[in-house]
Amino acid sequence: MHDLPPRFWPIFFELYESLPRQGPGSRACTGKALELCRDLPSAPAILDLGCGVGGQTLHLAELTLGTIVALDNHVPSIDRLRATVAERGLAGRIRPMVGDMANPGLPPKTFDLVWSEGALYNIGIENALRVCRGLLRSGGYLAFTDAVWRKENPPPEVKASFDMDYPTMGRVPDALASIERGGLSLIGHFTLPDAVWWDDFYTPMELRIGEMRGKYSDDADALAVLDRLAQEPAMHRSYSDYYAYEFFVVRSKN
Ligand SMILES: C[S@@+](CC[C@H](N)C(=O)[O-])C[C@H]1O[C@@H](n2cnc3c(N)ncnc32)[C@H](O)[C@@H]1O
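All of the points below concern the structure found in this document. (Residues numbered from 1 in each chain as written. Predicted model: local features only at pLDDT ≥ 70, side-chain atom pairs only at ≥ 80, totals over all residues.)

**Re the site of the ligand**
Every one of the 22 residues lining the ligand counts as a neighbour, but Arg21, Gly23, Gly50, Gly52 and Asn122 are closest to it. Going through the elements one at a time, helix H3 (55-63) and strand S2 (67-72) are the ones with two or more residues in the shell around the ligand. When its residues are assigned to classes, the shell around the ligand shows 6 nonpolar, 12 polar and 4 charged. (Near = placed C-beta within 6 Å. Helix = DSSP H or I, 4+ residues; strand = E, 2+ residues; numbered from the N terminus. Nonpolar A, V, L, I, M, F, W, Y, C, P; charged D, E, K, R; others polar.)

Next comes the structure, spelled out in structure tokens:
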């Protein structure tokens, strides 16, 4: 992170906060993972950790009859989700909340389902699995996505990119071993199709980067940041066969 251009974070947040979601995922994948949670009560108590602006939170509200606590530590994302929830009349179903998933301050053994798309790695997967397990009712489910390597020897720019954001990223068997060590039972897992990296994430990101290039056309620092941010979808276009997002559905044993 030491070689970031000046004004990286404000421009990064301006871009990311405007996107429909902040990572790869889709309603269909959320639905597919949800179908694996076969014994949920009819109106489950759900916790969505690292919800961002709530892309998957809103899908969970459509796909279940449950109530959802949606937690993220980035205040503007929670503000945006609060506005969406109010607009859509979902205040009785979704409670957006600013908080740290490492220490969410929620009562233990409360949730039938803990959900997290692309966020748990921020506090270390094994630590996150321990936190989630403590929040689940006996027999409750945890569904989460995590980035994984698919091939050995990624090109240096791909390795460098993930080393900066997720240096401990492993392969699917590594994640399965963490799940086993965390005292959770595997129900199933699947790889997110490549289209979901684009539909609600990289395609709107590239469009927005184009708009922001116009807005900042006289601002060399901002343009340098946008060039840097544009490298991520460009890298994915060339090297997506080296890495993927995997959805894991697991269950508390007790
Ligand atoms: C890759 S984004 C995924 C957002 C959303 N789940 C989605 O798929 O669109 C990761 C999210 O985790 C949040 N996050 C990172 N560390 C966190 C922490 N310690 N506590 C709560 N949220 C955190 C970030 O603010 C960000 O919104």
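**Things to note about the packing of helix H5 (residues 125-135) against helix H7 (residues 172-181)**
The N-to-C vectors of H5 and H7 enclose an angle of 40°; their axes lie 10 Å apart at closest approach. In this view, H5 runs oblique relative to H7, as classed from their interaxial angle. By crossing handedness, the relation of H5 to H7 is classed as right-handed. Within the contact between the two elements, H5 uses Ile125, Glu126 and Leu129 and H7 uses Ala175, Ser178, Ile179 and Arg181. In terms of residue class, the contact of H5 with H7 is built from 4 nonpolar, 1 polar and 2 charged. (Axes fitted to C-alpha atoms, helices over the stretch in contact; angles between N-to-C directions. Parallel < 35°, antiparallel > 145°, perpendicular 65-115°, else oblique. Left-handed = near helix turned anticlockwise from the far one by under 90°. Contact = placed C-beta atoms within 7 Å.)

**Considering the nonpolar core**
Ranked by size, the top nonpolar core spans 60 residues in total, and within it Leu47, Leu113, Val114, Cys132, Leu142, Ala143 and Val249 carry the most contacts. A per-element tally of this core places strand S7 (residues 243-252) first, with 7 residues. Excluding residues within four positions of it along the chain, cysteine 132 makes contact with Val114 and Leu142. (Core = buried A, V, L, I, M, F, W, Y, C linked by C-beta atoms within 7 Å. Buried ≥ 20, exposed ≤ 12 C-beta atoms within 10 Å, placed from the backbone.)

**Section: the pairing of strand S5 (residues 136-149)**
As judged from the 6 bridges shared by strand S4 (residues 111-117) and S5, these two strands associate in the parallel manner. By the bridge assignment, glutamate 117 is partnered in S5 with threonine 145. When S5 meets S7, the two strands line up antiparallel, connected through 9 bridges. Across the sheet, the residue bridging to leucine 142 is valine 250, located in S7. (Pairing = 2+ DSSP bridges.)

**Quick word on unusual backbone geometry**
One non-glycine residue, lysine 109, lies in the positive phi region at around 55°. Following the sequence through the fold, lysine 109 ends up in the loop between strand S3 (94-98) and S4. Even without glycine at this site, asparagine 153 takes up a positive phi of about 50°. Among the secondary structure elements, asparagine 153 is positioned in the loop between S5 and helix H6 (156-165). On the basis of neighbour counts, which here come to 9 C-beta atoms within 10 Å, the residue asparagine 153 falls in the exposed class.

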